[in-house]
Amino acid sequence: MSKKTFNVAVAGATGAVGNQMIACLEEADFPVKSIRLLASARSIGRKLRFRGDLVDVEQLTEKSFTGMDIALFSAGGSTSEQFAPIAAKAGCVVVDNSSAWRMDAQVPLVVPEVNPHAVAQYTQKGIIANPNCSTIQMVVALKPIHRQYGIRRVVVSTYQSVSGTGKKAIEELFNQTRAMINFLEAETRVYPHRIAFNCLPHIDKFLDNGYTKEEMKMVNETRKILEDPDIAITATTVRVPVFFGHSEAVNVETRHACSADEVRALLASAPGIKVVDDPACNRYPLAIDAAGQDLTLVGRIRQDESIPNGINMWIAADNIRKGAATNAVQIAQILGEHYL
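Everything numeric here is computed off the predicted structure, so don't read it as measured data.

Draft legend 1. Representation of the side chain of serine 247 within the structure. Turning to its location among the elements, serine 247 is positioned in strand S10 (residues 246-254). With a relative accessible area of 7%, serine 247 lands in the buried category.

This is the structure:
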């Protein structure tokens, strides 16, 4: 990072992703001159630790961004729709983790290992969008393949942890699991069905086409990030009883022939990826191994024997870190180094 320092705001600071954003700013040694932690009125009076100091949580208002340079948002779509333009008007560049701005043609959708050049477009609205967590880890693995061989089609099934829903979902999985192992009735509040010892093929709202919003996010965001509207993509997203870490089964049909060994070598040298692929020793990406780190784990790389140019992969990553907070801080680092 340059020697320049920045006034940074974190909106939604008390949530799971907001907490992690604060931690990632520390871990990255981001040049923070001052930090402002923002949340709803019910969080007033709370204090959060940053670099050894306790910082008061302030109520998010229209005046919160005066004097701020960068704001990391993880406060939900409606809050971002309301406050991101206000922050931008105050001269504060917003990195937003919600879905509110992702498909806006004037807002760049950025994964730093994939399309860092897109950050330059922030000047159009003063907002940069953080992609969906499951999209982020997938495109980190897809980008080198697309660049080298071209991608014709992607079929993805996700196995997404409850932390993607938030703190209440984490508590619900814990409480349901505890209840069931003690032969008690499991209460269901967050999800429409019990999540403990179960899988729910239902993330976000169902749309008229039978897909969920989460599934269509992966379709539309991937095309935008890879800057290729012609890639055919279909997705099935599933919530599983895992606390942290999303996993994905990804089938890729390439435009040009490639072998599993070539893809394995290509991904091993790609930024942000760790290849974990030794089935003979039972080594492959696991959600529990991805949790707590920023690398995207890729393994089970093998030829799809049903089509001429097909590759199968298994991908795992920490949805709260690389899938949200780390990606946002990486975007802020690009802003600080090259644009502000």
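Draft legend 2. Molecular detail of the sheet that holds strand S4 (residues 53-59). Spatial ordering of the open sheet is given by S3-S4-S2-S1-S5-S6-S7, a layout of seven strands whose pairing is mixed. The open sheet terminates on both sides in strands that have one partner only, identified here as strand S3 (47-50) and strand S7 (127-129). Strand-to-strand twist of the sheet, defined as the mean angle between neighbouring strand axes without regard to direction, takes the value 30 degrees. Here four bridges tie strand S1 (residues 6-11) to strand S5 (residues 70-73), and the two strands are oriented parallel to one another. If you follow alanine 9 over to S5, its bridge partner there is alanine 71.

Draft legend 3. Main features of the side chain of threonine 326. Its place among the elements puts threonine 326 in helix H8 (residues 321-338). By relative accessible area, threonine 326 is classed as buried at 5%. Ignoring sequence-local partners within four residues, the contact set of threonine 326 consists of Cys24, Asp294, Ile320 and Arg321.

Draft legend 4. Representation of unusual backbone geometry within the structure. In this structure, phenylalanine 183 takes a positive phi of about 60 degrees despite not being glycine. By the element assignment, phenylalanine 183 lies in the loop between helix H4 (167-181) and helix H5 (213-226). For asparagine 282, which is not glycine, the phi torsion reads 60 degrees and is therefore positive. Along the chain, asparagine 282 turns up in the loop between strand S11 (273-275) and helix H7 (287-290).

Draft legend 5. Fine view of the pairing of strand S13 (residues 310-317). Among the eight residues of S13, seven are classified as buried, and the element is accordingly described as predominantly covered. Two strands pair when backbone bridges link them, and S10 and S13 are joined in this way by eight bridges, in the antiparallel orientation. Following the sheet pairing, glutamate 253 is matched in S13 by glycine 310. Two elements, strand S12 (residues 296-303) and S13, share five bridges in a ladder whose sense is antiparallel. Its bridge partner lying in S13, valine 298 is registered against isoleucine 315.

Draft legend 6. Here's a closer look at the packing of helix H1 (residues 16-27) against H8. It is the contact of H1 with H8, at a shortest axis distance of 9 Å, that shows an interaxial angle of 50 degrees. Relative to H8, H1 is oriented oblique. Judged by the twist between their axes, the crossing of H1 over H8 is right-handed. Contacts from Val17, Gln20, Met21, Cys24, Leu25 and Glu27 in H1 reach Arg321, Ala324, Ala325, Thr326, Ala328 and Val329 in H8. Here the contact of H1 with H8 is composed, by residue class, of eight nonpolar, two polar and two charged.

Draft legend 7. Representation of a nonpolar patch on the surface in the model. Residues Phe174, Phe243 and Phe244 make up a contiguous nonpolar surface patch of roughly 280 Å² in combined accessible area. In this structure, phenylalanine 243 sits in the loop between strand S9 (232-239) and S10. Using a relative accessible area of 34% as the deciding quantity, one classes phenylalanine 243 as partly exposed.

Draft legend 8. Up close: the nonpolar core. Core analysis: the biggest nonpolar cluster contains 53 residues, and Phe65, Leu142, Ile145, Val250 and Met313 have the highest contact counts within it. For this core, the leading source of residues is helix H3 (residues 133-149), giving eight residues. Setting aside chain neighbours within four positions, we find valine 250 in contact with Met138, Leu142, Val154, Val155, Val156, Ile311, Asn312, Met313 and Ile315. Counting residues in each nonpolar core, the second largest holds 36 residues, with Val17, Ile22, Val57 and Val329 among its members.

Draft legend 9. Representation of the packing of H3 against H5. Contact geometry of H3 with H5 gives a least axis separation of 10 Å together with a crossing angle of 40 degrees. With respect to H5, the element H3 is oriented oblique. Where H3 crosses over H5, the handedness of that crossing is right-handed. Two secondary-structure elements touch here, H3 through Ser134, Thr135, Met138, Val139, Leu142, Lys143 and His146 and H5 through Glu214, Lys217, Met218, Glu221, Thr222, Ile225 and Leu226. Partitioning the contact of H3 with H5 into residue classes produces six nonpolar, four polar and four charged.

Draft legend 10. Here's a closer look at the sheet that holds strand S8 (residues 151-160). Strand order in the open sheet made by the six strands is S9-S8-S10-S13-S12-S11, with mixed pairing throughout. Looking along the sheet, the strands with just one partner apiece sit at the ends: S9 and S11. Here the strands of the sheet are splayed against their neighbours by 20 degrees on average, with no regard to which way each runs. Packing of helix H6 (residues 260-268) onto the sheet brings it into contact with S11, S12 and S13, and relative to S12 it is tilted by some 165 degrees.

Thresholds applied
Residues numbered from 1 in each chain as written. Predicted model: local features only at pLDDT ≥ 70, side-chain atom pairs only at ≥ 80, totals over all residues. Heavy atoms only, no water. Helix = DSSP H or I, 4+ residues; strand = E, 2+ residues; numbered from the N terminus. Buried < 20%, exposed > 50% of the residue type's maximum accessible area, 1.4 Å probe, protein only. Pairing = 2+ DSSP bridges. Axes fitted to C-alpha atoms, helices over the stretch in contact; angles between N-to-C directions. Contact = heavy atoms within 4.5 Å. Parallel < 35°, antiparallel > 145°, perpendicular 65-115°, else oblique. Left-handed = near helix turned anticlockwise from the far one by under 90°. Nonpolar A, V, L, I, M, F, W, Y, C, P; charged D, E, K, R; others polar. Patch = residues over 30% accessible without salt bridge, like charges linked within 9 Å, V, L, I, M, F, W, Y side chains within 5 Å. Areas by Shrake-Rupley, 256 points an atom, 1.4 Å probe, with all protein chains shown as cover. Salt bridge = Lys/Arg side-chain N within 4 Å of Asp/Glu carboxyl O. Core = buried A, V, L, I, M, F, W, Y, C linked by side-chain atoms within 4.5 Å.

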